[in-house]
Amino acid sequence: LASEFSVADCLPIFAGGLGAVAGEMLKSASALGVPMVGVGLLYRETSHQWLDEDRRQQESWETLNPKDLPLTIERDARGRPITVEVPLAEHTVLCTVRSVLIGRVRLLLLDADVATNTFEQRNITRRLYGGNLENRIRQEIMLGIGGMRALDAMGITPRVLHCNEGHSAFGILERIRQTMAEHSCDFGAARSIVASTTLFTTHTPVAAGHDYFPPELAERYLAPIAESLGCELETVMALGRYTPEEATDTFCPTVLAL
């Protein structure tokens, strides 16, 4: 799971170093024959940057049309587009699943631009890292929860989950839910199983490279997730705090992943 993948100029869904690392992992897996599937988000706008006469950075945005990109809509056995539902606070957002082959490795991209979604919901993935804190947590839940559900909808059960940066940490919670259902076990047992088969990489060991969500914002979006796990909201919130017992501490997905 990663928020961006840099694989080719014709698929501009990346911004910098993380995209380069994630993209090269897929290419290396293809070259080495490693059975890997990448999962990310499809953004509908890409930026172009340049320096003006005063040597200041400027940018403009270009709207992307999926029909012009090397993407395929994933379909089920009856030919219907595969879709996943993602819980975002009081609402549910529908995403279609598109894919592209990176050599022998498949990259799945969730697309929120679905007719049944509201205009606001369709714009959640308008821009990579775009919007305010609320849109950031929406993007990260869509990547993590939606990404794991996309794999499940396609009949793919990863033996190991690799999360790139804290942006993808919510995928761990969905994997715990799936493990609870598969093995008929409780949250604690499923958490131990998932912890032993999860890898986490953080590439930016400075505060500015991580997200910190205020408790009231995190609680609103984590409430339906905690309910699906059959545990108290406080239990899930504590997993993302520097000081687990401090209720006023911010929720950091990086801490959750660690």
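Since this is a predicted model, take the numbers as computed values, not measurements.

Visitor: Give me the side chain of His162: which residues, what numbers.
Guide: Take His162: it is sitting in strand β8 (residues 161–164). Among the polar contacts listed, one links the side chain of His162 to the side chain of Thr201, at a separation of 2.7 Å.

Visitor: Account for the pattern of salt bridges, with residues named and values stated.
Guide: Counted under the stated rule, the structure contains 17 salt bridges. Among the salt bridges present, the one from Arg127 reaches Glu45, with a minimum N-O distance of 2.7 Å. Taken together, the positions of Arg127 in the loop between α2 (119–122) and α3 (133–153) and Glu45 in strand β2 (residues 45–51) put the pair 82 residues apart, joining distant regions of the chain. The partner of Glu90 in a salt bridge is Arg220, with the nearest N and O atoms 3.1 Å apart. You can see Glu90 sitting in the loop between β5 (83–88) and β6 (91–102) and its partner Arg220 sitting in helix α6 (residues 215–229), a full 130 residues away along the chain. Here the salt bridges do not stand alone but share partners, grouping Arg44, Arg98, Asp111, Asp113 and Arg122 into one network.

Visitor: Give a description of the environment of Arg106 that names residues and reports values.
Guide: Take Arg106: it is sitting in strand β7 (residues 105–111). It is 30 Å that separates the C-alpha atoms of Arg106 and Glu134, two residues lying 28 residues apart in sequence. Here Arg106 is in contact with Met36, Val37, Gly38, Glu74, Ser99, Val100, Leu101 and Met154, once residues within four sequence places are set aside.

Rules used throughout
- Residues numbered from 1 in each chain as written.
- Predicted model: local features only at pLDDT ≥ 70, side-chain atom pairs only at ≥ 80, totals over all residues.
- Heavy atoms only, no water.
- Helix = DSSP H or I, 4+ residues; strand = E, 2+ residues; numbered from the N terminus.
- Polar contact = N/O pair within 3.5 Å; in protein donor to acceptor, adjacent residues only side chain to side chain.
- Salt bridge = Lys/Arg side-chain N within 4 Å of Asp/Glu carboxyl O.
- Contact = heavy atoms within 4.5 Å.

Shape is all these values report; function is a separate question.
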